[in-house]
Amino acid sequence: MGNEIIEGFLKALQLIFSGDPTVMEISARAVLVSGSAMMLSVLWGLPVAVLLGLKRFPGRFLAKGFFNAMLGIPTVSLGLILYLFFSNAGPVGFLRLLYTPTAMIIGQAILITPITVSFIASAIESVDPEIKDLAKTLGASETEAAIAVLKESSNGVFLALTASFNRAIAELGVVFMVGGNIAHLTSVLTTTIALETNKGEIALAIALAIILLFIVSTLTLTVNLIQRQKTRPIIELGKKIPRR
Amino acid sequence: MKPIIELENISKTYGNVTALQHISINFLEGEVSSLLGPNGSGKTTLLRIMAGLEKPTSGEMRFESARVDESNINQIRLKTTMVFQKTALFSTSVYKNIAYGLRIRGCSRRETDEKIKEVLKTVRLEGYEKRPAKKLSGGEQQRVALARALALDIDVLLLDEPTANIDPKNVSIIEDVLSWVNKEKKTTIVVATHNVFQAETLAKRAALLLEGKIVKVGAPQEIFTLPSKILESYARLENSFSGFSKVTGEGTSLVDVGDGLQIEAPFEKAGNVTVFVRPEDIILSSKPLVSSARNSFEGRIVQISDLGPVVKLKVKAGKDFIVQITKRSFIEMRLNVDSRVFLAFKASSVQTI
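Residues numbered from 1 in each chain as written. Chains lettered and ligands numbered in written order. Predicted model: local features only at pLDDT ≥ 70, side-chain atom pairs only at ≥ 80, totals over all residues.

Undergrad: Where do I start with the sheet that holds strand β14 (residues 271–276) of chain B in this structure?
TA: One key point about sheets: their strands pair by backbone hydrogen bonds, in either a parallel or an antiparallel sense. Residues and elements named next belong to chain B. In space, the five strands of this open sheet follow the order β13-β12-β11-β14-β20, with antiparallel pairing throughout. In the strand order of this sheet, the two ends are held by β13 (261–265) and β20 (351–352), each with one partner. Taken together, the four bridges between strand β11 (residues 240–247) and strand β12 (residues 253–258) define a ladder with antiparallel strand orientation. Along β12, the bridge assignment pairs F244 with D256. (Pairing = 2+ DSSP bridges. Helix = DSSP H or I, 4+ residues; strand = E, 2+ residues; numbered from the N terminus.)

The structure is reproduced here in structure tokens:
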């Protein structure tokens, strides 16, 4: 058994470094689908997050509670609901989206929207409340002031985007149920890892798992580095600081 | 001078709390006015209404004779700006902080660069463009906030306790800059302050606010002519003591304020008087002081308030004295609650109400 794992691992590395077309295709599709899902979730989630983070209105607490509760939605349950929705008998069955990358993008976007909304809303809430007033006193309109607050919360926004993408690319339930893991069409990293492991094709599964871990950790690390760069003092080392 | 901001019968309530009641006052073009009053008297709310950040519950505000409402509020915000008590800065460089308002006004890069250089020189922070604004000291941050406001060449500058909680050196720079701006640029300035002396230094006219109402409008000196009871309710007038005064014959008087404490004051007046001394005029030492100061007392620290660059201490020396020292001095003297300290202040620092 131990030898099989080592052999599988070595073969996996060979698949990665030789640029195996199947590995590359599946990886590229996973990034494309999850990247698109993240952008879609930002498109509809950002205005909601800004509204929840900046405005005070009746029902705000309930709305926030809803998105927080949806953070832990089981992916298989959501996958099933969306399957029923997209299937021929479902309300949008006529669109023929089931088992297409579009359905996977929509499914993942819905799954990660609570992360996008809750994290960005919290990031906005953590910004000094005077920033909005400050922007206004400097001549900003309501929209410009909201953008200023959003800029101030950019660390939290980046964190939300990273977490959303990571959740999307690492999830299995939704893409499996609405994508179907069709080779050369809807197979992505997680679905192929699951399928190949069941088939006993351990090398391909390990190769894809390594790539998945690499994507997730590299993205997180890169975002952390960008954040660090942003918060680092701008003074050049060795440069004399002017004194009054 | 014609009025630039006219407030008529302005009231503001938050739920059951009334912050302002029937405020009617005009602020004249090019004039420096101050809103005097203790914490919670409504100064900040009034400034926020004037800055277009809050809507009054009732009453009317006019800017250059035009009624202020939703239709023109954005235009008025381009002519007015406010510097907050708690310095609000964007988490970026000094340059970008100052550039924000200029970009909104569509200034070119060259104009922006020139303007920023000019205002940083005005607030004596030349060469600070690239520094992260939030890493500066409290006083420097407030000067950046002031520079950011000055860069906009606005008509009305509103300042909410601009020098509260910053060290005396920065206070003096900010006061100098405000006087210069009013003189050179003819900017209308309204300063909310609890500090009567600051009002006296900066403003020609002061409005005393107590519990959301204007009690008096006049020259800052006139505020002192109000009945002592009104001034006593002005809680932030720290170190005020009442007692019986006796003339010493050396051009001064000794005021017996009780608890075995006598304060030498620079006037010849017998009878009941109320005197006070500014916290920053009291010298504090951990060792006995040898100085020319006519008033020196020994006491113990009973309370410490850390205000960032400065520390406020309550010292029990017969009576309670509030003393303000820099954080650095506080650390160097290794002071703590119950530390034995020595206070000294000149007779000339004692003022009478």
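Undergrad: Explain the interface of chain B and chain A to me, please; I cannot follow it from the model alone.
TA: Many descriptions give the size of an interface as the accessible area lost when the pieces come together. Taken together, the contact pairs 25 residues of chain B with 18 residues of chain A. Counting residues per element, the ones that place at least two in the side of chain B that touches chain A are α2 (73–77), β6 (80–83) and α3 (94–104) of chain B. Tallying contributions element by element places α3 of chain B first for the side of chain B that touches chain A, with three residues. Of the residues in the side of chain B that touches chain A, the class split is 11 nonpolar, six polar and eight charged. (Contact = placed C-beta atoms within 7 Å. Nonpolar A, V, L, I, M, F, W, Y, C, P; charged D, E, K, R; others polar.)

Undergrad: Even after reading the chapter, I still don't get the domain arrangement of chain B, so can you show me in this structure?
TA: Per the domain assignment, the segments making up chain B are domain 1 (3–227) and domain 2 (240–351). Relative placement of domain 1 of chain B and domain 2 of chain B: their C-alpha centres are 32 Å apart. (Domains from an automatic or database assignment.)

Undergrad: Just checking my understanding: could you explain the nonpolar core for this structure?
TA: Here is a general trend for soluble globular proteins: nonpolar side chains tend to be buried in one another's company. Ranked by internal contacts, the top residues of the largest apolar core, which has 136 residues, are L208 of chain A together with A147 of chain B. The leading source of residues in this core is helix α5 (residues 101–125) of chain A, at 14 residues. Beyond its immediate stretch of four places on either side in the chain, A147 of chain B contacts I98, V119, L120, T122, V123 and L125 of chain B. One finds V273, I282, L343 and F345 of chain B within the second-largest nonpolar core, a separate group that totals 24 residues. (Core = buried A, V, L, I, M, F, W, Y, C linked by C-beta atoms within 7 Å. Buried ≥ 20, exposed ≤ 12 C-beta atoms within 10 Å, placed from the backbone.)

Undergrad: I tried to follow helix α10 (residues 189–199) of chain A on my own but got confused; where do I start?
TA: Because each turn of an α-helix spans 3.6 residues, side chains separated by three or four positions end up pointing in the same direction. Buried residues of α10 of chain A: L189, T190, T191, T192, I193 and E196 of chain A, and no others. A positive backbone phi angle near 85° is found at G200 of chain A, which sits one or two residues after α10 of chain A.

Undergrad: Help me understand the packing of helix α5 (residues 138–150) of chain B against helix α6 (residues 168–185) of chain B, please; the structure alone is not making it clear to me.
TA: The relative placement of two packed helices is expressed as an angle between their axes plus a distance between the axes. All names here are of chain B. Remark: α5 packs on α6, axes separated minimally by 9 Å, with the N-to-C direction vectors making an angle of 10°. What the angle tells us is that α5 and α6 run roughly parallel. Two packed elements cross with a definite hand, and for α5 against α6 that hand is left-handed. Contacts between α5 and α6 involve G139, Q142, R143, L146 and L150 on the former and, on the latter, K169, N170, I173, I174, V177 and V181. (Axes fitted to C-alpha atoms, helices over the stretch in contact; angles between N-to-C directions. Parallel < 35°, antiparallel > 145°, perpendicular 65-115°, else oblique. Left-handed = near helix turned anticlockwise from the far one by under 90°.)

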